[in-house]
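Residue-level listing of the chains:
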Amino acid sequence: MEGRSRRRLLRLSKLYSFVTCGRARPEEGQGQIGGPGFSRVVFANDPDCFEATNLDYVSNYVSTTKYTLATFLPKSLFEQFRRVANMYFLVAGCLAFTPLAPYTAVSAILPLIVVIGATMLKEAIEDWRRYQQDIEVNNRKVKVHQGEGKFSDTEWKNLRVGDIVKVEKDEFFPADLILLSSSYEDAICYVETMNLDGETNLKLKQSLEVTAGLQTDTDFSGFKAIIKCEDPNANLYTFVGTMENEDQEYSLAPQQLLLRDSKLRNTDYIYGAVVFTGHDTKVMQNATSPPSKRSKVERKLDRIIYLLLSFLVLISFIGSVFFGISTKKDSRRDNRWYLEPDDSDIYFDPDRAASAAVLHFLTAMMLYGYFIPISLYVSIEIVKILQSIFINQDIQMYHEESDKPAHARTSNLNEELGQVDTILSDKTGTLTCNSMEFIKCSIAGTAYGHGVTEVEKAMARRKGALLVDQPDTEQIIEGNHVVAKPSVKGFNFSDERIMNGNWINEPRSDVIHKFLRLLAICHTVIPEVDEVTRKISYEAESPDEASFVVAARELGFEFYQRTQSSISLHELDPLSWKLIDRSYTLLNILEFSSSRKRMSVIVRDEEGKLLLFSKGADSVMFERLAKDGREFEQSTREQINEYADAGLRTLVLAYRELDEEEYMEFNKKFTVAKNSVSADREEKIEEAADMIERNLILLGATAVEDKLQNGVPECIDKLAQAGIKIWVLTGDKMETAINIGFACSLLRQGMIQIIITLESPEILQLEKDGDKETILKDLVDLVQSANLVLVFQASKESVIRQIHEGKKLLGSSSTDSFALIIDGKSLGYALEDDVKNMFLELAMGCASVICCRSSPKQKALVTRLVKAGTRKVTLAIGDGANDVGMLQEADIGIGISGAEGMQNVYYWCMGTGVTGGFHQWFDLDSYKVEALFFPIWELTGSNNLQICYFFYKNITFGVTLFLYEAYASFSGKTAYNDWFLALYNVIFTSLPVIALGVFDQDVSARFCLKFPMLYQEGVQNVLFSWSRILGWMFLGLCNANIIFFFCISAMQHQAFRRGGQVVGLEILGAVMYTCVVWVVNCQMALYITYFTLIQHIFIWGSIAVWYLFLVVYGAIPPSISTTAYLVFIEGLAPAPSYWIATLFVVTAAVIPYFTYSAIQMRFFPMYHNMIQWIRYEGKAEDPDYCHMIRQRSVRPTTVGVSARLDVKLSVASAQTLLPSRSAALARGQNEHAK
């Protein structure tokens, strides 16, 4: 078929070290089958048998929703009434049905229903989206065996335990399967587990040999098997089970398990038996919600609510005391005789004044409930949702290459983004691209490759030199034109000495020949040949392995075919200078692992020689060299160090020839080890491999570059200028991490590095001398002696000593900037309970922190330490499974979708950000500075005014109620109509604050980027401090007094109508309410710094709606409108005093804030006020004035490109100033001499 890649059938069971094939007798690991935790029984290809139907296994339907139809109402109501304000309004609403209520029950309950309903509607919409996503997943199709060798498409949700399924290339596995066979003869398949662990590297799986022959659909017509295995659990990397087929029992291992949501790659199809379905699958077992997290703003909001409730109780108590005293005095007939105390009920009975006071207290608690903003929570939710939509739609956060916008998975922690104090970032795939390029190499002690890395450029800039990358650009002729040769992915190498076949002329061409041959053979790459273009592409388990094969191809050794037992190359023949075909018999593959740190292959060439090719880390390869194989060791070591300094990843390449006897002995031991299913199987395999991987001959070393993400240095510079601390947690070795730090400006020249390490100089010297036997002997003696504890104690004491020395160094200078670099071994001790506080104290005194060789657990523990120790907002950024713990521990987790991690982000969100709403996730290809500065507007709008303004307007409104009740002898009578009360928070004052929270900008994006220290106003809580909150509350108190007393003074004892009538309660209440609506909306208009049309509509529209409501509601019959009946048409509108009083009161009420704001802005400006002045006065392009503003920042910048430039300028100015001062001093001495 055209366009389809061609692939050979492979038989690799004899090659790979992990493959268990043939019939195996159950050993140690299988002895638990049938016991607790290992009780699952699967009847493969017979799910309808009697025994299977009695097993109550879950269906394959998966639900990630938070609610169901049955649980939505109770669970959602529980979530809503966990909030103290909502619970208060519920109690008040229930009391509204009693005679104690100062208003009607409907007017009290309806606003609560609207607010709770809106929030529940938002929850329902979000859960509906999750439900739609579930439907899409559950309705995917897969081929299922229906009997008699026939397969038909069935929806995922209908799968049952025991079904036989057929999954084709690039499809996801619908459940956890036991691999039975595949399109390959040897029943292997390639699996991509990006959805599970974030890695794009392919994993190799293989079935048992007994089922490998089931190659066609018809082969399953008579197949039956019983699988017994472990119960459902969350461990992705273990599996214990047995398969019983034709009265024989075979052991199952993780190599036969295909996990749900993994993808089949490079394999046409596989057959598998379903063992775990639905929520029993391992991926769903891992998708559990973490503990609930609440933002600091929300927690502070609760404290404010409690404060207001305390104030409410206080004034209710005071009012009740006064009411009780007044009621007691009513026993004298001359006091409030109009209340008829002799014929009053308990509420005004002088003989029961204490009871009346208690009942009045309950009435006052309901009446003053308007101090609590009922619409606050729902308004905040609306603002967060709109902000998330804006983030998703922001063109500045759109990544064009991948066609991906930002995606805010949840809005619950938006405000936290404006308060981040510390960022903890992964390096590989986050700071760097995880896209490897072959850029340099060392062969026979000679360095090749002229490429310049980002690290080298940064190092040159540190030295003040200009280093330009000038590669030897190859050209090709097309027609009459000479054009540049197109770049090759994974290959950025340029050196004419060995390119284009010129390596044949090099002095050690024999070594180069072996070096390139090793690159082309020592790997597990699968070639794919496009039938149309005939171009070869490679599928590799890791990006660096693919780059090696591509480099070999570009240098004349093209790997083009892999069969079941051979590897075929197009080699450049040194004698004829022509490409020739050579085939190598592939005998064994010794896989790479984190413990081995190397991989090897054993092949037989066409001359019959047995060759072992090996590549691995320098720490394990140099010790395996033969005495006569160290010819280039010293120079290769030096060049490896240079490559590490340049931020490159290095591997050492070596080989040896084997004799037949030695190989046969190894192969026998290796075969026994790989077929073992005992608990120590891996140890046996490593022991066998270690026996053959010795006495190697060094060829050279490779160096590949993991390039920085676009914009990383600039972003880190802006973050540093914003005063945010940056920690890098990486698994790379210290030299690489340090140089990447220099490349991205996390480190700079002149910064004092505090390095904490446990690398023993004595051990390092022994390794350098190659005396490994001495080291091993010493280590064995230590392990066997009782002094092992002393060794660990010495290591811990060394770490503590180094931490103390670092703290002394910090205290010795107040001007220098420091960087802390610590390796994984030392970090393990630094995170112990009795050391971690000292370590954190040292780290927080440094401008940047780099943790090298960190394990995933250490990343999570460091994040937990920073969050708990500083009690400030932490943000973690990562892209792989090893970052998930760190992301979950941080206050905010950001998932980067790059070569790794996009699906990882989504699937971990199922258990974190989406269902629980506890994490903030963005799908970004690289760092975006705008992701930082958007929250500045959100913080100033949402935190500073949205919340403060809510309390301000409610205090203004509530205090007028209190003052009127005091004016009326605390009689429990409200000044306003019931529906005036009910709609105040819901209609007349709610929309403007939502518009402000979404649209207002104190400073534009351009000025935010120009003055990043603006961000510190959020971190230091300047805009949401208690003083600011109490200030707004005090303003509300002042405005309420102005409104009440001015209205009373203007209306009392005055002829309000032409007939001379004075105002009644209905007129006074409407006038006061009009003034309140005007004042609180005008105060908002005064604060807004960035007006939009929507804000104008919402502010002035709210006032217009009030007048419209007065007209419409007043036209309703008085049985419903009560005191509002025709109050505007007949009472307010015709009276000039109403309009004059409104104008006078509103003007008087806004003058205090206007005066304070003008004085503060002019004489005591905050940092953002200074930037506003720059914009207003047109001095944005004045460098001196802008520099002066920057000097008034909250803290100096010590990290980033700008800090590096500042240091350079300060040094230059000091050097310039010194001669001038010397000259001035000399002139002064001459004058004195004269």
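Please read all numbers here as calculations on a predicted model, not as lab measurements. (Residues numbered from 1 in each chain as written. Predicted model: local features only at pLDDT ≥ 70, side-chain atom pairs only at ≥ 80, totals over all residues. Heavy atoms only, no water.)

(A) Geometry of the overall build of the chain. Looking only at helices and strands, one finds 40 helices and 34 strands in the chain. For the chain, buried positions account for 55% of its 1234 residues. Look at the contacts in the chain between residues 6 or more apart in sequence, and 75% of them connect residues 24 or more apart. About 53400 Å² of surface is accessible on the chain, with carbon and sulfur atoms providing 57% of the total. (Helix = DSSP H or I, 4+ residues; strand = E, 2+ residues; numbered from the N terminus. Buried < 20%, exposed > 50% of the residue type's maximum accessible area, 1.4 Å probe, protein only. Contact = heavy atoms within 4.5 Å. Areas by Shrake-Rupley, 256 points an atom, 1.4 Å probe, with all protein chains shown as cover.)

(B) Spotlight on the sheet that holds strand E8 (residues 202-206). With antiparallel pairing, three strands are arranged side by side in an open sheet as E8-E7-E13. A single partner strand is all that each edge strand has here, and the edge strands are E8 and strand E13 (263-265). Across the sheet, the mean angle from the axis of one strand to that of its neighbour is 45 degrees, orientation sign disregarded. Bridge count between strand E7 (residues 188-192) and E13: three bridges; the pairing is antiparallel. Across the sheet, residue Tyr-190 finds its bridge partner in E13, namely Arg-265. (Pairing = 2+ DSSP bridges. Axes fitted to C-alpha atoms, helices over the stretch in contact; angles between N-to-C directions.)

(C) Summary view of the side chain of Asn-1039. Relative to the helices and strands, Asn-1039 is located in helix H32 (residues 1026-1051). A polar contact is formed between the side chain of Asn-1039 and the side chain of Tyr-952, at a distance of 2.6 Å. Not counting residues within four places of it along the chain, the set of residues in contact with Asn-1039 comprises Tyr-952, Thr-956, Val-1079, Gln-1083 and Ala-1149. (Polar contact = N/O pair within 3.5 Å; in protein donor to acceptor, adjacent residues only side chain to side chain.)

(D) Quick look at a negative patch on the surface. On the surface, Glu-638, Glu-642, Asp-645 and Glu-735 cluster together into a negatively charged patch. If you tally residues by element for the negative patch, the top one is helix H14 (residues 633-645), at three residues. Along the chain, Glu-638 falls in helix H14. (Patch = residues over 30% accessible without salt bridge, like charges linked within 9 Å, V, L, I, M, F, W, Y side chains within 5 Å. Salt bridge = Lys/Arg side-chain N within 4 Å of Asp/Glu carboxyl O. Lys, Arg positive; Asp, Glu negative; His and termini not counted. Charge placed at Lys NZ, Arg CZ, Asp CG, Glu CD.)

(E) Geometry of the pattern of salt bridges. Applying the stated rule across the entire model yields 39 salt bridges. One salt bridge connects Arg-265 with Glu-192, and the closest N-O pair in it is separated by 2.6 Å. Of this pair, Arg-265 sits in strand E13 while Glu-192 sits in strand E7, and the two are 73 residues apart along the sequence. Considered together, Arg-265 and Glu-192 belong to a single accessibility category, that of buried residues. The partner of Arg-604 in a salt bridge is Glu-660, with the nearest N and O atoms 2.7 Å apart. Here Arg-604, found in strand E25 (residues 598-604), pairs with Glu-660, found in helix H15 (residues 660-674); they are 56 residues apart in sequence, far enough to count as distant.

(F) Highlighting a nonpolar patch on the surface. Together, Phe-311, Leu-314, Phe-317, Ile-318, Val-321, Phe-322 and Ile-325 make up a nonpolar patch on the protein surface, roughly 620 Å² of accessible area in all. The residue Ile-318 is located in helix H7 (residues 296-329) in this model. Ile-318 gets classed as partly exposed once you look at its relative accessible area, which sits at 33%.

(G) Here's a closer look at the UniProt feature "transmembrane region" (unreviewed entry) in the chain. Feature annotation in UniProt places "transmembrane region" (unreviewed entry) on residues 84-102, 304-325, 357-378, 979-999, 1029-1051, 1071-1090, 1097-1116 and 1136-1156, given in this structure's numbering. Taken end to end, residues 357-378 is 64% helix and 0% strand, and its first and last C-alpha atoms sit 35 Å apart. The straight-line gap between the two end C-alpha atoms of residues 979-999 is 30 Å; of that span, 90% is helix and 0% is strand. (UniProt positions renumbered as here; feature names shortened; annotations may be inferred.)

(H) Region of interest: the sheet that holds strand E30 (residues 752-756). The sheet built from seven strands is open, its strands ordered E30-E31-E32-E29-E15-E33-E34 with parallel pairing. One side of each edge strand has no neighbouring strand; the edge strands of this open sheet are E30 and strand E34 (892-895). Pairwise comparison of adjacent strand axes, ignoring direction, gives a mean angle of 15 degrees for this sheet. As paired elements, strand E31 (residues 818-822) and strand E32 (residues 848-851) share four bridges and run parallel to each other. Each bridged residue has a counterpart across the sheet, and for Ile-822 the counterpart in E32 is Cys-851. Contacts from helix H24 (residues 856-870) reach strand E15 (420-425), strand E29 (725-729) and strand E33 (873-878) within the one sheet, and its direction differs from that of E29 by about 160 degrees.

(I) Layout of the packing of aromatic side chains. Within the structure shown, the criterion is met by 47 aromatic pairs. For the ring pair Phe-151 and Tyr-271, a centre distance of 5.6 Å and an interplane angle of 55 degrees mean the geometry is tilted. Taken together, the residues Phe-151 in strand E4 (residues 150-155) and Tyr-271 in strand E14 (residues 269-276) connect sequence positions 120 residues apart. Neither residue differs from the other here; Phe-151 and Tyr-271 are each classed as buried. Ring plane angle 15 degrees and centroid distance 6.0 Å describe the contact between Tyr-538 and Phe-559, whose orientation is recorded as stacked. Note that Tyr-538 is positioned in strand E21 (residues 536-539) and Phe-559 in strand E22 (residues 557-562), a separation of 21 residues in sequence. Neither Tyr-538 nor Phe-559 differs from the other in exposure class; each is buried. Each member of the aromatic cluster is reached from another via a ring pair, and the members are Phe-957, Tyr-976, Phe-980, Tyr-984, Phe-988, Tyr-1073, Trp-1106, Phe-1109 and Tyr-1113. The aromatic ring of Tyr-57 is capped on one face by Arg-40, whose charged end is 4.0 Å from the ring centroid. The ring centre of Trp-156 lies 5.1 Å from the NZ or CZ of Arg-140, which sits over that ring. (Phe/Tyr/Trp six-rings, centres within 6.5 Å; stacked < 30°, edge-to-face > 60°. Lys NZ or Arg CZ within 6 Å of the ring centre and 35° of its normal.)

(J) Representation of the environment of Asn-86 within the structure. Relative to the helices and strands, Asn-86 is located in helix H3 (residues 84-95). In this structure, the C-alpha to C-alpha distance between Asn-86 and Pro-373, residues 287 residues apart in sequence, is 9.8 Å. Apart from residues no more than four positions distant in its own chain, Asn-86 is found in contact with Gln-80, Phe-81, Leu-112, Ile-116 and Tyr-377.

(K) Quick peek at the packing of helix H29 (residues 991-999) against helix H33 (residues 1065-1087). Where H29 meets H33, the axes come as close as 10 Å, and the angle between the chain directions of the two elements is 15 degrees. Between H29 and H33, the crossing angle belongs to the class labelled roughly parallel. Here H29 runs over H33; the crossing is left-handed. Along its contact with H29, which presents Pro-992, Val-993 and Leu-996, the element H33 presents Asn-1081, Met-1084 and Tyr-1087. (Parallel < 35°, antiparallel > 145°, perpendicular 65-115°, else oblique. Left-handed = near helix turned anticlockwise from the far one by under 90°.)

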